[in-house]
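Each chain, written out:
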Amino acid sequence: MSLLTSNSGSTGAIRPRTPAPTGRSAFAAGAVVAIAIAALAAVEHGLGLPVFALPYAASAAVVALAPARPPARPGAILRAYPAAALAALAVTAVAGASELAVAGSVVAAVVTMALLRAPHVPAALCAGGIGLTDPGLGYLLHTLVPGVAVVIAVAALAGLVVPGFKYPLRA
């Protein structure tokens, strides 16, 4: 079986074929995301940090489902979230918390992530939340940093202990 297949166009471009998931890899992904969500909840309830939130749960899902892909790589996550959050905080400082700020924040986050080559879609969700709520600069230290740290730490730990799951910390 070839790992390469041609696209359905006349260009003859070659793209890698994604192997079909196995039951083992599906359960490994489920275990990883469950551990990450439990860790986020524990940090929120134990330390009082508001990290049990959709962007970080979505990041855990991206990492669990495609750990070796560019959006799941630690470097992309570590560049995308701060860039998206800072872009959203700037938009919100000008526009105030509103639907307009949500739109502007997401657009600014996507542009910034593209420029940084940090394709992590959940960071755009984070930017939208900032545009909707205007949490202020404190968000960076009491939500973003611990939320991202939990997701990456859980993925790294899961890569060591969850059978069938590998998380490349360097890529």
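Our subject in this report is the structure included herewith. (Residues numbered from 1 in each chain as written. Predicted model: local features only at pLDDT ≥ 70, side-chain atom pairs only at ≥ 80, totals over all residues. Heavy atoms only, no water.)

1. Focus on a nonpolar patch on the surface
Part 1: A contiguous nonpolar patch, built from V107, V111 and L115 and spanning about 320 Å² of accessible area, is present on the exposed surface.
Part 2: Inspection of the secondary structure puts L115 in helix α4 (residues 99-116).
Part 3: For L115, a relative accessible area of 70% translates into the label exposed. (Patch = residues over 30% accessible without salt bridge, like charges linked within 9 Å, V, L, I, M, F, W, Y side chains within 5 Å. Areas by Shrake-Rupley, 256 points an atom, 1.4 Å probe, with all protein chains shown as cover. Salt bridge = Lys/Arg side-chain N within 4 Å of Asp/Glu carboxyl O. Helix = DSSP H or I, 4+ residues; strand = E, 2+ residues; numbered from the N terminus. Buried < 20%, exposed > 50% of the residue type's maximum accessible area, 1.4 Å probe, protein only.)

2. Focus on the layout of surface pockets
Part 1: In this structure, the second largest pocket occupies an estimated 170 Å³ of space.
Part 2: What lines the second largest pocket is a set of 15 residues, and nearest its centre among them are P50, A53, P55, Y139 and T143.
Part 3: The set of elements that each furnish at least two residues to the lining of the second largest pocket consists of α2 (54-65), α5 (121-133) and α6 (138-161).
Part 4: The biggest single contributor to the lining of the second largest pocket is α5, with five residues.
Part 5: Grouping the constituent residues of the lining of the second largest pocket by class yields ten nonpolar, four polar and one charged. (1 Å grid on protein atoms, 1.4 Å probe; cavity = no way out; pocket = protein on both sides within 12 Å on 5 of 7 lines; lining within 4 Å. Points joined across faces, edges and corners; volume = space filled by probe spheres on them. Nonpolar A, V, L, I, M, F, W, Y, C, P; charged D, E, K, R; others polar.)

3. As for α4
Part 1: For α4, built from 18 residues, the straight-helix expectation of 26 Å at 1.5 Å per residue is met to within 8% by its first-to-last C-alpha distance of 26 Å.
Part 2: Every buried residue of α4 is accounted for by A101, S105, A109 and M113. Buried residues of α4 fall within an arc of 90° about the axis and therefore sit on the same side. More than 90 degrees from the buried face of α4, the exposed residues found are E99, L100, V107, A114 and L115.
Part 3: Against the buried residues of α4 lie α3 (74-95) and α5. (Expected span 1.5 Å × (residues − 1). Arc of directions from axis to C-beta. Contact = heavy atoms within 4.5 Å.)

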